[in-house]
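# Remarks on the overall topology
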Amino acid sequence: MIILERSLEIASNMLIASFREKLMPKLVTRREFLNLLGSAGGTSATLKAGSALGLLPAASIANSLDLLALGPNKKKVAILGGGLSGLTVAYELGKLGYECTILEASHRCGGRIFTVRNGDLIDEIGNRQYCDFDDDPHMYFNGGAARIPSFHNNLLSYCKELGIELEVFVGENNNAYFQDDALLGGKRVRVNDYKTNIRGFMGEMLAKSMSEQEMDEPLTEREAENLLSIIRSFGDLGESDLYTGSSRNGYKSGGYISHGVQKDMIAFRDLLQSELGRRALTAYEGDQGPCLLQAKGGMDNITNGFLRKVEDRVKYRAMVSSINVSNDGVEVTYDQDGARHLLQADYCFSCIPTHLITGLDHNFPSDYVKAMKYVRRGDAYKAAFQAKERFWERENIYGGITKMAGRSADIWYPSHGIHQNKGVILAAYNFRGGSYHTNMSQQERIESHIKDGEKIHPNYRDLVEKPVTIAWHRINHMLGCAARWNRNFGGWTQEEEFMFDTLQTPLNGRHYVIGDQISVNVAWMESAIRSAHWALEDLDKRVRSELA
Amino acid sequence: MKYLTLLVYKMNKRKLSVAILIFFSGLTPLLFGAEEIEPYNDRYCTTCHGTDGRGNFGVQAPRLAGMEAWYLKRQLENFREGIRGYHPEDIEGLAMQPMAEKLTNESILDILEWVESWEYFPAEVTIEGDAAAGELIYSQCATCHGAEAEGNEALGAPALSGQNDWYLITQLKNFKQGLRGGESTDPFGQQMMVMTQILADENAMDNVVSYINTLGR
Ligand SMILES: Cc1cc2nc3c(=O)[nH]c(=O)nc-3n(C[C@H](O)[C@H](O)[C@H](O)COP(=O)(O)OP(=O)(O)OC[C@H]3O[C@@H](n4cnc5c(N)ncnc54)[C@H](O)[C@@H]3O)c2cc1C
């Protein structure tokens, strides 16, 4: 597997290098392209480079917290916001004998972990919706967090510890579709057809370039042979290293009792008409790569797992209105049932989004506020339909994702409820460009998703009903997903690093900002938990030295 | 059909055309906005506008505490009618508009009462401009908004002193670029669209707002 990825990487490096240097400004024939590739001379360099896969943040075993139990000592903790990081803190500190109170502004905990089922309120400001899906266990939609990478160890170990059942989530699915108006006249194309063909052509070019070019890297004969065989199998090349189609993407007909008839190739040039191509080979890597998991029955079962341990500590519809941090504690006020209440605590952990904290009454120093004001809020957007029948299963699609060039971007087929009568499908997921639909009326949003979906599934309009839309930029008490720290390509500036440190460091050793917003890998539950653990370990040091 | 009538009743022109389109494209089985279950009212203001309506830079929502009831009422109604928050580049206006669209006359009164109950705290100064240069410009604004920027109900001009300065800048830009005040049914907005043309550039805006900051509240 590694070898394949590695050779993929080398292949793409070679292609990119030759593209950059030679190709961009003028049109070239395929023959010329091969020559260019051969003369790029970058092979030896790229063979040496690409050493690290460099895609994933370092996977490590789950953080085993080693925190001091309080024993006879007493400490009060105010937890602002019942997001996953807040619940993590409450759960861990509860084990140690801290007295925690969670103040949650909304009618539910979980924040951006949000599963929508029959009767649920979607509390979008200006567009309150109630979900009308059929009342069946598999008829739900994860409007926020939806997938768990198999190396998000801290989250996974909590799932185990708290008895949260998991099942496989299918992300990559070769039988799902690509659709782009620029590609083959807008015809939907199976991911498999796209992938097989593009790999074939890429493999052909690579093989040619290997045989035609004198390699200046001292590969042994055996290494060179292996590399060539990897390339051949990558592209499923035929005789003389030519790509002439493949059976990898299935047959046009036959294949069981009678011999299979190979599908027609898609012309190389046609494949190059869509920007979706970029995602054909690499859409599902890193955090989005297999194997992915989901909580059985809905992601909010993660929230529920924590709540089973800390529910009695939660005050709902309790909206924090002020935070005052002193040297020996924190005073918090909150509004609940039309009155303002005071909560005094020794320590405070807040997962309230920074762009909402700035609207509270507080006594924070200016650099702290400056950092909060700097962080921008994302505009992720999702929508879902109830499907009257599981029409995608008739097209051999079980779970997975269709990618569209249209603004609705994704259709997700549920990994659960297979072969039931109905299902809930995700009709749109725009993580970075969600404002496009957010700024529409509910009716316009729905119409846009139907129009995009009709290009994939004929009769889509008649097959779906009961829409819900989730514009995180307007969801009450969130108004965003997710924190955007760095504003420039090319990584974080020094100033951004400094502001991040400022917010991560507890104010007076008393007030911790937590959540995925205090991580460099935002919009993952694992990051929210890691941030909580970072804060807990910092607290532990302080408490240990105080009690020593 | 009853459903459509209801929609029509609640919608402004732009949305009405969409509704009709949807109706005739056979989308009627798609129901949305099922009946209310959670015990909610329309007192959503503080999520965006901050504790006691102090305004929130983080989401660019202005200060409501201290705002005159007659002015707040007019703006809520303008948003409701879609004559404010209509322009695709008026990001915050676009967010406010659908919220206001849902408001009944009773909930507007309820909100005004709620806002009146909030204590006013001075706004933080965040704009650095040349207040002396701004004073010269402001003399033209003073005709309507008053020498102390205290507002003038008879002329329909709100108080400016005490508002968040970053919000004043945004609105000056919005008026000048026609993101606000472009609708013929918004005479006050139209007036501001004309008046903001005297502000040559962003510097001039910073200057005049810096002067307003010196007037305190
Ligand atoms: C569309 C989308 C897709 C995502 N996909 C994934 C995924 O596939 N996998 C994954 O692992 N993660 C995913 N995430 C990210 C994941 O949901 C978050 O990283 C995580 O849930 C954040 O937890 P948090 O602790 O930061 O708190 P949040 O969830 O941000 O919760 C903050 C809480 O504070 C409360 N609050 C706000 N204001 C106040 C106040 N004044 N007083 C009291 N309480 C207040 C809110 O109501 C909320 O409950 C996704 C998120 C979104 C939105």
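Computed from a predicted model, the values in this text were never measured in an experiment.

Another aspect to go through is the overall build of chain A. Within chain A, the regular secondary structure consists of 18 helices and 27 strands. Within the span of chain A, comprising 548 residues, buried residues form 57% of the whole. Considering only contacts in chain A between residues 6 or more positions apart, those separated by 24 or more positions represent 71%. Summed over all atoms, the accessible surface of chain A reaches about 23800 Å², with 50% contributed by carbon and sulfur.

Moving on, we come to the overall build of chain B. The helix and strand tally for chain B stands at 10 helices and zero strands. Secondary structure elements in chain B, listed N-terminal to C-terminal, are α-α-α-α-α-α-α-α-α-α. Expressed as a percentage of the 217 residues in chain B, the buried residues total 49%. Sequence separation of 24 or more characterises 66% of the internal contacts of chain B that already satisfy a separation of 6 or more.

Residues and elements named next belong to chain A. Restricting attention to buried positions, one finds in helix α5 (residues 153-161) the residues N154, L155, L156, Y158 and C159. For α5, the secondary structure elements touched by its buried residues are α4 (84-96), β7 (148-149), β8 (166-169), β13 (292-295), α10 (300-310) and α18 (525-547). At the C-terminal side of α5, G163 shows a positive phi close to 65°.

On to the site of the ligand, then. Residues and elements named next belong to chain A. Surveying the vicinity of the ligand reveals 35 residues, the closest of which are S85, E104, R112, R147 and M525. At 3.2 Å from a nitrogen atom of the ligand is found a main-chain nitrogen or oxygen belonging to A105. In this structure, R147 approaches the ligand through a main-chain N or O atom, which is 2.7 Å from a nitrogen atom. When the free accessible area of the ligand is taken as 1000 Å², the share hidden by the protein chains comes to 98%. Only α4, β15 (319-325) and α18 provide two or more residues apiece to the shell around the ligand. When its residues are assigned to classes, the shell around the ligand shows 20 nonpolar, 10 polar and five charged. Two domains each provide a minimum of three residues to the shell around the ligand, namely domain 2 (76-110 + 301-374 + 483-547) and domain 3 (115-174 + 379-474).

Turning to the pairing of strand β22 (residues 400-404) of chain A, a few remarks are in order. Residues and elements named next belong to chain A. Counting buried positions over the five residues of β22 gives five, a clear majority of the element. Because side chains alternate across β22, one face comprises the buried residues G400, T402 and M404, and the other comprises I401 and K403, equally buried. Relative to β22, strand β9 (residues 177-179) runs parallel, the two being bridged by two bridges. What sits directly across from F178, in β22, is K403. Inspection of the sheet shows β22 paired to strand β23 (residues 410-413) by four bridges, in the antiparallel sense. Residue pairing across strands places G400 opposite Y413, the latter belonging to β23. In this antiparallel pair of consecutive strands, β22 and β23, the connection spans five residues, and A409 shows a positive phi of 65°.

It is worth spelling out the domain arrangement of chain B at this point. Residues and elements named next belong to chain B. We note that the domain assignment places domain 1 (2-116) and domain 2 (131-213) within chain B. Counting residues at the interface gives 22 residues for domain 1, matched by 25 residues for domain 2. Summed over both partners, the interface of domain 1 with domain 2 comes to about 1900 Å²; 51% of that surface belongs to carbon and sulfur atoms. It is W70, I83 and Y86 that lose the most area in domain 1 upon contact with domain 2, and together they represent 30% of the buried surface on that side. At the junction of domain 1 with domain 2, the criterion picks out zero salt bridges. At the surface where domain 1 touches domain 2, the tally comes to nine residue pairs in polar contact (both at pLDDT 80 or more). When residues of the side of domain 1 that touches domain 2 are assigned to their parent elements, the largest contribution, five residues, is made by helix α4 (residues 69-81). When the residues that make up the side of domain 1 that touches domain 2 are grouped by side-chain class, the tally is eight nonpolar, six polar and eight charged.

All names here are of chain A. Strand order in this open sheet of four strands is β17-β16-β15-β19, and the pairing throughout is mixed. The open sheet has two free edges, formed respectively by β17 (339-345) and β19 (361-362), since each of these has just one partner strand. Here β15 pairs with strand β16 (residues 330-336) via six bridges, running antiparallel. Across the sheet, the residue bridging to I323 is V332, located in β16.

Time to look at the pairing of strand β25 (residues 464-471) of chain A. All names here are of chain A. Judged by how many residues are buried, β25 sits mostly within the fold: seven of eight residues are covered. By the bridge criterion, six bridges tie strand β21 (residues 381-387) to β25 in an arrangement that is antiparallel. Bridging across to β25, Q386 finds its partner in E465.

Our next topic: the sheet that holds strand β14 (residues 314-315) of chain A. Strand pairing in a sheet takes place through backbone hydrogen bonds and is either antiparallel or parallel in direction. All names here are of chain A. Judged by pairing direction, the sheet is parallel, and its five strands sit side by side in the order β14-β2-β1-β18-β27 without closing on themselves. At either margin of the open sheet sits one strand with a lone partner, and together these are β14 and β27 (511-513). Two strands pair when backbone bridges link them, and strand β1 (residues 76-80) and strand β18 (residues 347-350) are joined in this way by four bridges, in the parallel orientation. Considered in β18, the bridge of L80 is made with S350.

Its place among the elements puts T282 of chain A in the loop between α9 (277-280) and β13. Of note is the side chain of T282 of chain A, whose polar atom sits 3.1 Å from the backbone oxygen of R278 of chain A.

All names here are of chain B. For chain B, mean pLDDT is 86; residues scoring 70 or higher make up 82% of the total. Highest mean pLDDT in chain B belongs to α4 (98); lowest belongs to helix α1 (residues 2-10) (36). Scored below 50 in pLDDT, residues 1-34 makes 43 contacts in the model with residues more than four places away or belonging to other chains. Across the interfaces of the predicted complex, the ipTM metric reaches 0.86, alongside a pTM of 0.89.

Here we take up the packing of aromatic side chains. For the coordinates displayed, the defined rule picks out 23 aromatic pairs over all chains. Between F114 of chain A and W472 of chain A, the ring centres sit 6.3 Å apart and the planes meet at 85°, which makes this aromatic pair edge-to-face. Of the two residues, F114 of chain A is situated in the loop between β2 (99-103) and β3 (115-116) and W472 of chain A in the loop between β25 and β26 (483-484); the sequence distance between them amounts to 358 residues. Here F114 of chain A and W472 of chain A have matching classes, each one buried. Relative to W166 of chain B, the ring of F57 of chain B has its centre 5.5 Å away and its plane inclined at 90°; by these criteria the two rings are edge-to-face. Of the two residues, F57 of chain B sits in the loop between α3 (45-49) and α4 while W166 of chain B sits in helix α8 (residues 165-176), which places them 109 residues apart along the sequence. Among the aromatic residues, ring-to-ring pairing joins F385, F391, W392, Y413 and Y460 of chain A into one connected group. The ring of Y429 of chain A has K382 of chain A lying over it, and the distance from NZ or CZ to the ring centre is 4.7 Å. Here the guanidinium or amino end of R487 of chain A rests over the ring plane of Y374 of chain A, the centre of that ring lying 3.8 Å away.

This part takes up the side chain of E393 of chain A. Residue and element names in this part refer to chain A. For E393, the location among the structural elements is in helix α13 (residues 391-394). Given the relative accessible area of 8%, E393 is considered buried. Only 2.7 Å separates the side chain of E393 from the side chain of R390, close enough to count as a polar contact. Polar contacts involving the side chain of E393 include one to the main-chain amide nitrogen of H419, which spans 3.1 Å. Excluding residues within four positions of it along the chain, E393 makes contact with Y398, G417, I418 and H419.

Attention shifts here to the nonpolar core. All names here are of chain A. In terms of nonpolar packing, the biggest core is built from 55 residues, with L80, L103, V320, I323, V332, F364 and L503 touching the most fellow members. Excluding residues within four positions of it along the chain, V332 makes contact with A78, L80, L103, V320, S322, H341, L342, L343 and C348. Within the second largest apolar cluster, 44 residues are counted, among which are Y91, L155, L307 and M525.

Cut-offs and rules
Residues numbered from 1 in each chain as written. Chains lettered and ligands numbered in written order. Predicted model: local features only at pLDDT ≥ 70, side-chain atom pairs only at ≥ 80, totals over all residues. Heavy atoms only, no water. Helix = DSSP H or I, 4+ residues; strand = E, 2+ residues; numbered from the N terminus. Buried < 20%, exposed > 50% of the residue type's maximum accessible area, 1.4 Å probe, protein only. Contact = heavy atoms within 4.5 Å. Areas by Shrake-Rupley, 256 points an atom, 1.4 Å probe, with all protein chains shown as cover. Near = heavy atom within 4 Å. Polar contact = N/O pair within 3.5 Å; in protein donor to acceptor, adjacent residues only side chain to side chain. Nonpolar A, V, L, I, M, F, W, Y, C, P; charged D, E, K, R; others polar. Domains from an automatic or database assignment. Pairing = 2+ DSSP bridges. Buried area = accessible area lost by both parts, 1.4 Å probe. Salt bridge = Lys/Arg side-chain N within 4 Å of Asp/Glu carboxyl O. pLDDT = per-residue confidence, 0-100. Phe/Tyr/Trp six-rings, centres within 6.5 Å; stacked < 30°, edge-to-face > 60°. Lys NZ or Arg CZ within 6 Å of the ring centre and 35° of its normal. Core = buried A, V, L, I, M, F, W, Y, C linked by side-chain atoms within 4.5 Å.

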